[in-house]
Amino acid sequence: MVRTIALLALAFAASAHAQEYPVREIRSICNFAAGSGADIIVRYYSDRLARLAGKPVVVENKPGAQGLLATDYVAKSRPDGYTILITPASSTLATAPHLFKSIPFDPLKDFAAVTTLTSLSFVIAVDAAKPYRTVDDFVKALRAKPAHGFYGTQSNTGQVSAELFKEKLGLKTEYVPFKITGEAFTSLLAGNIDFMSVDATWAITQHPHKVRILAVTSAKRSGSLPDVPTLAELGLKDFDIAPWFGVVVPAGTPRAVVERLAGWFNQITNAEDTRQFLARSALDAFPGSPDSMAALLRSDMDRWGGYVRLAKIEKQ
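Position numbers for residues start from 1 in each chain and track the written sequence from start to end. Where totals are concerned, whole chains, interfaces and linings use all residues; where local detail is concerned, this predicted model gives features only for residues with pLDDT of at least 70, and gives and counts side-chain atom pairs only at 80 or more. Excluded from the side-chain calculation are hydrogens and water; included are all heavy atoms of the structure.

Enquirer: Before we move on, could you go through empty space enclosed by the protein and cite the residues and values that matter?
Expert: Cavity means a closed set of points on a 1 Å grid over the protein atoms alone, one where a 1.4 Å probe fits but cannot get out, pocket means an open set with protein on both sides within 12 Å along at least 5 of 7 lines, and lining means a residue has an atom within 4 Å of a point. Grid points are joined across faces, edges and corners, and a volume is the space filled by probe spheres set on the points. Inspection of the entire model under this criterion finds 1 cavity of 30 Å³ or more. Quantified by volume, the largest cavity comes out at close to 30 Å³. Lining the largest cavity are Gly152, Thr153, Gln154, Ser155, Thr181, Ala184, Met196, Ser197 and Val198. Of all the elements in the fold, those that place two or more residues in the lining of the largest cavity are β6 (150-153), α7 (181-189) and β8 (195-199). Helix numbers and strand numbers start at the N terminus; a helix is a DSSP run of H or I with at least 4 residues, a strand a run of E with at least 2.

Okay, structure coming up:
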């Protein structure tokens, strides 16, 4: 009976805490520098969260170590709902164990998932001056080239997308790394590479006048490119690469607080002004729940281990 009373008291306390939450400002931690693409998303959501929560939400940028610094900071913060991380979780959490020799946190054990927010497709893009109109046309042209030509990208996700594309089609196309997307673009127009594997945010700024987007890498068509087919539609079974943003808090944060945050964030994501804001950067709204995000995080960690091995990306 004593144990039952104690459990009931804890449950009551947690419920009361959630009903009162928040009673003071919330700190919203950003993995990357002010003015970066990630920072713009963090500040947008933080501003709207403040309106719903009725308390200030203060953005703190903690860039460094490719996002690991801020992620570790949140992992070690008090689990009270007053420190949140709005982050490109598919990279800072799901893929981090596969890209770094060691990380100072456990992506599954040290955080409580709140919800997913947005997703972003990558694309297969060619020079718009070339005659290729479909992936089939383009692949036929690649097969006619010695060693099936070259592709360029500046990101791990772009490399993984292209290597998976190659594997499923039996291509030997050689990878050419670039430090910035603009360099790959210049090389594409000069005819030094045959295609780019790049995020849709950049690609839509050049499509269809400079580059032609032949396909997207996500499982569903991008809202910003509704007429462009997915690679899965074109017969590349189970092709689904779409980096995503989500929200996490330190492990141990009361479930009722997590669910309240999830409700607010989903309300923001589902708002029409948010969908328009996201569309301008080729991002798709991706609302979820604590459980759906936790499941996605686990599955992406498993998938990306294989992807990193496929692309032969060395740990840093």
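Enquirer: Describe the pattern of salt bridges, listing the residues and the values that go with them.
Expert: Whenever Lys or Arg places a side-chain nitrogen within 4 Å of a carboxyl oxygen from Asp or Glu, that contact is recorded as a salt bridge. In this structure the tally under the stated criterion is 15 salt bridges. The salt bridge involving glutamate 60 is made with arginine 27; its shortest N-O contact spans 3.6 Å. On the criterion of sequence distance, the pair formed by glutamate 60 in strand β2 (residues 57-61) and arginine 27 in strand β1 (residues 26-30) is long-range, its members being 33 residues apart. When accessible area is computed with a 1.4 Å probe and restricted to protein chains, residues below 20% of their type maximum are described as buried, those above 50% as exposed, and intermediate ones as partly exposed. Residue classification places glutamate 60 among the partly exposed positions, given a relative accessible area of 22%. Residue arginine 51 pairs with aspartate 47 through a salt bridge whose shortest N-O separation is 2.7 Å. Separated by 4 residues within a single helix, arginine 51 and aspartate 47 lie in helix α2 (residues 37-53), roughly one turn from each other. The class for arginine 51 is exposed, based on a relative accessible area of 58%. Within the structure, one salt-bridge network assembled from shared partners comprises Asp47, Arg48, Arg51 and Asp273.

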